[in-house]
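Spelled out from the first residue to the last, the chains are:
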Amino acid sequence: MYIYSAAVESFFIRNAQWGIVMSELFQLILDRSYKKIAIVGMTKNVGKTVTLNYLVQEFEISGLKIGLVSAGYDGERFDRLTLKEKPRIYAPRDSIVATAKACFDAAEAELELIESSFFSTPLGPVCIARVRKAGLVELAGPGSVNSLKELTDRMSLAGADYIIVDGAINRLASASPKLTEATILASGAALGPTMDDVIRKTNFRSALMNLNRVENEKLFRMALKGLDHGNGVLLHREGEDFRIETVEASIPLIAGALLIDRCRQNTEALVFGGALVDNSLVDIMELYDRPPGIILFDATKLFISPETYNKYTNRGGKIEVLKEIDLIAVTVNPTDPCGRGYAPEMFLERMRESLAPCPVFDLVYERP
């Protein structure tokens, strides 16, 4: 059995012939004309950086200029918890990177400053740079979607044809439709104690990311209109129409609590401007035998367990979104640096069966 490791990663980076045969995953991105792609990991050590470097190499070989930025911090040499060596992030010559100024000195790549930004990280302000000599980099970026959106727009102006937004551990912000057009989800053996558990958790996250846009057009328009005036909205049914009631709070979770407190028997839907957590779903189910619908801006705002979600939907509840995420693929890692692992062929087959029709790839086992 192979192991995802820094050694495997360096093989990818050194071997100039690897990737000349265009992969199905890369072809998906080109065929659908996606310009900004998010890579999100279910947890640590599931092969997210392997996926990122795989795509970076294919962009490089295709002669397309790539931009790299992270919703957090990634690319360090050693895992802070396990102290094991991690795969590093490779930046090709002429690519554009956005990272904290402190990461310039740690980079093996040669970086030329293009501009500084006002966005800060624990490692200092984020700067945009052009890679003058290819090499390894550390990426440290802001966590907010709005900050990342502005950064990626500036990177495009600086010459990046395509931009990959790294999710940094398990952060979902990079998958927001406000920021990126497509998402790749990385999962693997490190996610759970058994293969069945890993598959179940991956399937659930995939299902949440694939939540549908609000079906009722009137509800859709009124939810959008309501969020222009508050960070929470109640849509009350009045005959054949709906009445908007907005709530405003400085803390999004408080806005969610106010929504639930003002919910009535005629409430058709609750629109959460912020996150939806288990406790909110439980509170709603305690109020009503058949709970009202829930609308979120997008699925990155969902932080709920399968058990609570299933109870809610079994009672007739429905969760919809205003903006859909385009989950184009899942990549899998059958090994865990802590020792657990599965036969790659069997793991890949099981994941494909469970996640169909979503494409699933093992980028190490299936490499050309």
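Look up a bit, the structure's there.
A brief report on the enclosed structure follows. Being a predicted model, the structure only gives us computed values, none of them experimental.

## Let's talk about the sheet that holds strand 5 (residues 96–100)
- One open sheet holds the nine strands; their spatial order is 6-7-5-2-10-1-11-19-20, and the pairing between them is mixed. Each edge of the open sheet is held by one strand with a lone partner, namely strand 6 (110–121) and strand 20 (360–361).
- Relative to strand 5, strand 2 (residues 66–70) is paired through two bridges, and the arrangement is parallel. Looking at strand 5, one finds that G67 is bridged to I96.
- Against the sheet, helix 2 (residues 24–31) makes contact with strand 1 (36–41), strand 10 (162–166), strand 11 (182–188), strand 19 (327–333) and strand 20, and its axis sits at roughly 160° relative to strand 19, the strand it touches most.
- Strand contacts of helix 6 (residues 195–209): strand 11 and strand 19, with the helix running at about 165° to strand 11, the strand carrying the most contacts.

## Concerning the packing of aromatic side chains
- Overall, the coordinates contain four aromatic pairs when judged by the stated rule.
- With a centroid separation of 4.9 Å and an interplanar angle of 35°, the aromatic rings of F59 and Y162 are classed as tilted. Taken together, the positions of F59 in helix 3 (residues 48–61) and Y162 in strand 10 put the pair 103 residues apart, joining distant regions of the chain. Across the pair, Y162 and F59 agree in class, each one buried.
- Taking 5.6 Å as the distance between ring centres and 20° as the angle between the ring planes, the aromatic pair formed by Y342 and F347 counts as stacked. By the burial criterion, Y342 is buried, and F347 matches it.
- Ring pairs connect the aromatic residues F26, F59 and Y162, which therefore count as one cluster.

## A few points about the sheet that holds strand 16 (residues 293–296)
- If you trace the five strands from one edge of the open sheet to the other, you get 13-12-14-16-18, paired in mixed fashion. With one partner strand each, in any of the chains shown, strand 13 (241–247) and strand 18 (319–321) form the two edges of the open sheet. Within this sheet the neighbouring strands show an average axis-to-axis angle of 25°, counted without direction.
- Relative to strand 14 (residues 267–272), strand 12 (residues 232–238) runs antiparallel, the two sharing five bridges. If you follow G232 over to strand 14, its bridge partner there is F272.
- Running over the sheet, helix 7 (residues 217–227) touches strand 12, strand 13, strand 14 and strand 16 and is turned about 25° from strand 13.

Conventions and cut-offs
- Residues numbered from 1 in each chain as written.
- Predicted model: local features only at pLDDT ≥ 70, side-chain atom pairs only at ≥ 80, totals over all residues.
- Heavy atoms only, no water.
- Pairing = 2+ DSSP bridges.
- Helix = DSSP H or I, 4+ residues; strand = E, 2+ residues; numbered from the N terminus.
- Contact = heavy atoms within 4.5 Å.
- Axes fitted to C-alpha atoms, helices over the stretch in contact; angles between N-to-C directions.
- Phe/Tyr/Trp six-rings, centres within 6.5 Å; stacked < 30°, edge-to-face > 60°.
- Buried < 20%, exposed > 50% of the residue type's maximum accessible area, 1.4 Å probe, protein only.

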